Amino acid sequence: MSTDKNSNPVLHIPKIEEGFVFDHIPAGLGPRVLELLRSYPELAEAVVTVGLNYRSGKLGSKDMLKIEVTDLPESLIRLISLVGPGITIKKISGFEVVRKLGLELPDAIDNLARCRNPNCVTNTERHVAARFERSGKAASYRCLFCERVFDLKELELLLP
Amino acid sequence: MKRDLISLNDLSLETIQGYLELAARVESMPAEERRRLLAGRILAVLFYEPSTRTRLSFESAMFRLGGNVLGFSETGSTSVAKGESLADTIRTVEQYADIIVIRHPKEGTARLSAASCSIPVINAGDGTNQHPSQTLLDLYTIRKLFGRIQGLRIAFVGDLKYSRTVHSLLQALGKFGNATFRFVSPESLRMPSYLRDGLAGSGCTFTETVDLGSALAECDLVYMTRIQKERFPDILEYEKVKNAYCIDARLLRGVPERLRIMHPLPRVNEIAPDVDPTVHAAYFPQVGYGVTMRQAILLDLLGVKQ
Ligand SMILES: [Zn+2]
């Protein structure tokens, strides 16, 4: 949380009674998280508030997002963990934070993204799920089939 | 649990050394004894794109071990042409054979095949990705020629940007460490930076040059590759470089006796026929060592212990 009172997100985004707060989203990636949320039909009716470019001590600036639902699909959380490192999810109940989860980049990406190599067997054979494993460098992943290494940002996420 | 040979990236240095030792034992074995080792076993050769040399090498290896071979070398008349999935083909062939060798134009097919069946799968080339038996036979050839793999001065010549064979061999030599590389290529076909960077910490050093002559004079081994016309958007650029990376007997005059020349073959004009009778030519013995190494691979994956 920012210590700068003028940019305290809480002042800008109303508190929610029940739902989830996605915080510490690297600035600019808030719309990406929103896009992922919107791809789930079961979340289509939910009230969502998005805030962009808050100043944050840790990140310089950050985006933030609140959604008023009682549950989140598990695959959505895995997809959001691929948007960027360090995003936190807080579950809110009765205006209080009842659970906090910090998302880390996963070691493996299983059936959540398409391989960018058009000549990869995962793109040429039907019913073959692409799998990636974290490769040495910070946010790069190696396709287990064609063995190409991609930056996380290059991977096209598979939305429901 | 069954084992496969899919990628050099899966192999530790110890595993690679194990293959080299096994190949040496296979080579020293009497032919009679060898012919009993895989009697009654069947190798399925599934070549979705033609590569006559690789296919014949695997078939020869299987026959020399007393085994049998079935398969196809192009897909025109097979069920694949009717739209059968790769996994279905593999699960079908699994019922016919004890081990599969597959070559396919798409990257990742060998890995997918291995995951689709419970018999061993050998990757004989998946698109531009991997061709591990080529790298193992290159390493075995180097050991046969010099008695060792470390401590050599090795020049890679020609198309260093796109040659899968060169990239894979370089990475494997990096695992052994303690080598001095010379990368000889036209500017437009230089060794990719990720491979040069990948040598950091391996105990290997490298220099880059466009000059073939100095490499011949100063290296123990020259690994030649073919420069393909298709790689050049500008045909004039190709015409300029194509003859700069050719070796003939005249160019070899005065080079040290120890120099050996390897080539994955087929060659076009990068090694003149007048090099063949010289002491330097190692590319035909290399073909023979390939059959030996492929015997070692078949024996190892089928669990036939020596
Ligand atoms: Zn891939």
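Note that this is a predicted model, so its numbers are computed, not measured.

## Let's talk about the side chain of Asp 126 of chain B
- Looking at where Asp 126 of chain B falls in the secondary structure, it is placed in strand S4 (residues 121-126).
- Buried charge without a partner: Asp 126 of chain B forms no salt bridge, and the closest opposite charge is Arg 164 of chain B, 5.2 Å away.
- Setting aside its immediate chain neighbours within four residues, Asp 126 of chain B contacts Phe 145 of chain A together with His 104, Lys 106, Glu 107, Gly 108, Thr 109, Ala 110 and Arg 164 of chain B.

## Comments concerning the domain arrangement of chain A
Residues and elements named next belong to chain A.
- Taken domain by domain, chain A consists of domain 1 (2-102) and domain 2 (108-157).
- Each partner contributes residues to the interface: domain 1 has 5 residues there, and domain 2 has 5 residues.
- Both sides together, the interface formed by domain 1 and domain 2 hides about 560 Å², and carbon and sulfur atoms give 78% of it.
- It is Arg 78, Leu 79 and Leu 82 in domain 1 that bury the most area against domain 2; as a group they hold 77% of the surface buried on that side.
- At the surface where domain 1 touches domain 2, the tally comes to 0 salt bridges.
- Our enumeration of links across domain 1 and domain 2 arrives at 0 residue pairs in polar contact (both at pLDDT 80 or more).
- Of all the secondary-structure elements, those providing two or more residues to the side of domain 1 that touches domain 2 are helix H2 (30-38) and helix H3 (74-80).

## Some points on the coordination of the zinc ion
Residue and element names in this part refer to chain A.
- Of the protein atoms, only Cys 115 (SG), Cys 120 (SG), Cys 143 (SG) and Cys 146 (SG) coordinate the zinc ion, at distances of 2.3 to 2.4 Å.
- Because the angles between the 4 donor atoms bound to the zinc ion fall within 102 to 116 degrees, the donor set is best described as tetrahedral.
- Sequence positions of the donors to the zinc ion reduce to the motif C-x4-C-x22-C-x2-C.
- The exposure class assigned to Cys 115 is buried, which follows from its relative accessible area of 4%.
- Taking the relative accessible area as the measure of exposure, Cys 120 reaches 0% and is therefore buried.

## Observations concerning the pairing of S4 of chain B
All names here are of chain B.
- When you tally the buried positions in S4, you get 6 out of 6 residues, the bulk of the element.
- Bridge count for strand S3 (residues 99-104) against S4 is 4 bridges, and the pairing is parallel. Following the sheet pairing, Val 101 is matched in S4 by Ile 122.

## A word on the packing of aromatic side chains
Residue and element names in this part refer to chain B.
- Within the structure shown, the criterion is met by 9 aromatic pairs over all chains.
- Consider the rings of Tyr 48 and Phe 72, whose centres lie 5.3 Å apart with planes at 80 degrees: the pair is edge-to-face. Placement of Tyr 48 in the loop between strand S1 (42-47) and helix H3 (52-64) and of Phe 72 in strand S2 (residues 68-72) is noted, with a sequence separation of 24 residues between them. Across the pair, exposure class does not vary: Tyr 48 and Phe 72 are buried alike.
- The interplanar angle of 25 degrees and the centroid separation of 5.3 Å between the aromatic rings of Phe 183 and Phe 206 together place this pair among those described as stacked.

## Things to note about the domain arrangement of chain B
Residues and elements named next belong to chain B.
- Each assigned domain of chain B is listed here: domain 1 (8-130 + 290-301) and domain 2 (132-287).
- At the junction of the two partners, domain 1 supplies 27 residues and domain 2 supplies 21 residues.
- Each partner contributes to the roughly 2,100 Å² buried at the junction of domain 1 and domain 2, and carbon and sulfur atoms together form 60% of this total.
- Counting the surface domain 1 buries against domain 2, the share from its top three residues, Leu 8, Leu 20 and Arg 53, is 29%.
- Where domain 1 touches domain 2, the interface holds 2 salt bridges.
- The interface formed by domain 1 and domain 2 holds 11 residue pairs in polar contact (both at pLDDT 80 or more) in total.
- Listing elements by their share of the side of domain 1 that touches domain 2, those giving two or more residues are helix H1 (13-28), H3, S4 and helix H11 (283-301).
- Looking at the side of domain 1 that touches domain 2, the element that brings in the most residues is H1, giving 9 residues.

## Notes on the interface of chain A and chain B
- The interface of chain A with chain B comprises 14 residues on the first partner and 17 residues on the second.
- Counting the surface chain A buries against chain B, the share from its top three residues, Asn 119, Phe 145 and Glu 147 of chain A, is 43%.
- Our count for the chain A to chain B interface comes out at 2 salt bridges.
- As a salt-bridge pair, Glu 107 of chain B and Arg 148 of chain A come within 3.3 Å of each other at their nearest N and O atoms.
- Run the count over chain A and chain B and you get 13 residue pairs in polar contact (both at pLDDT 80 or more).

## What to know about the confidence of the model for chain A
Residue and element names in this part refer to chain A.
- Mean pLDDT over chain A works out to 88, with 91% of the residues at or above the 70 mark.
- The weakest mean pLDDT in chain A belongs to helix H1 (residues 9-12) at 54; the strongest belongs to helix H4 (residues 121-124) at 96.
- This model gives residues 1-6 a pLDDT under 50, and the stretch forms 12 contacts once residues within four places in sequence are excluded.

## Side note on the pattern of salt bridges
- Inspection of the entire model under this criterion finds 26 salt bridges over all chains.
- Arg 114 of chain A is paired through a salt bridge with Glu 156 of chain A; the nearest N and O atoms lie 3.3 Å apart. Linking Arg 114 of chain A in strand S7 (residues 113-114) with Glu 156 of chain A in strand S11 (residues 156-157), this pair joins segments that are 42 residues apart in sequence.
- The class for Glu 156 of chain A is partly exposed, based on a relative accessible area of 38%.
- Between Lys 240 of chain B and Glu 237 of chain B there is a salt bridge, with its nearest N and O atoms 3.7 Å apart. Placement of both Lys 240 of chain B and Glu 237 of chain B in helix H10 (residues 235-242) is noted, with a separation of 3 residues, approximately one turn of the helix.
- Look at Glu 237 of chain B and you get partly exposed, because its relative accessible area is 26%.
- Here the salt bridges do not stand alone but share partners, grouping Glu 187, Arg 190, Arg 196 and Glu 208 of chain B into one network.

Conventions we followed
Each chain has its residues counted from 1, running along the sequence as written. Naming scheme: in the order in which they are written, chains are lettered from A and ligands are numbered from 1. In view of the model being predicted, local features appear only for residues whose pLDDT reaches at least 70, and side-chain atom pairs are presented and counted only at 80 or more, with totals across whole chains, interfaces and linings using the full set of residues. To get the side-chain values, all heavy atoms of the structure are used, and hydrogens and water are removed first. The way it works is that DSSP assigns letters per residue, a run of H or I at least four long becomes a helix, a run of E at least two long becomes a strand, and they are numbered from the N terminus. Burial classification: accessible surface area is computed with a 1.4 Å probe over protein chains only, and a residue below 20% of its type maximum counts as buried, one above 50% as exposed, and the rest as partly exposed. The sign given to each residue is positive for Lys and Arg and negative for Asp and Glu; His and the chain ends receive no count. Salt bridge, as applied in this entry: a Lys or Arg side-chain nitrogen positioned within 4 Å of an Asp or Glu carboxyl oxygen. By definition in these notes, contact holds between two residues if any of their heavy atoms fall within 4.5 Å. All the domain ranges listed were derived from an automatic or database domain assignment. When two components associate, each loses some accessible surface as probed by a 1.4 Å sphere; the sum of these losses over both components is called the buried area. For this analysis, a polar contact is any N or O atom pair within 3.5 Å, provided that within protein one partner can donate a hydrogen and the other can accept it, and provided that sequence-adjacent residues contribute only side-chain to side-chain pairs. Coordinating N, O and S atoms are those within 2.8 Å of the metal (3.2 Å for Na, K and Ca), and as water is not part of the atoms, a site may appear to have fewer donors than expected. Every geometry call rests on angle ranges, with four donors termed tetrahedral when all angles are between 85 and 135 degrees, four termed square planar and six termed octahedral when opposite donors are over 155 degrees apart and all others are between 65 and 115, and everything else termed irregular. What makes two strands pair is DSSP finding at least two bridges between them. Pairing of aromatic side chains requires ring centres within 6.5 Å, counting the rings of Phe and Tyr and the six-membered ring of Trp. Pairs whose planes differ by under 30 degrees are stacked, by over 60 edge-to-face, and all others tilted. A residue's pLDDT is the predictor's confidence in that residue, given on a scale from 0 to 100.

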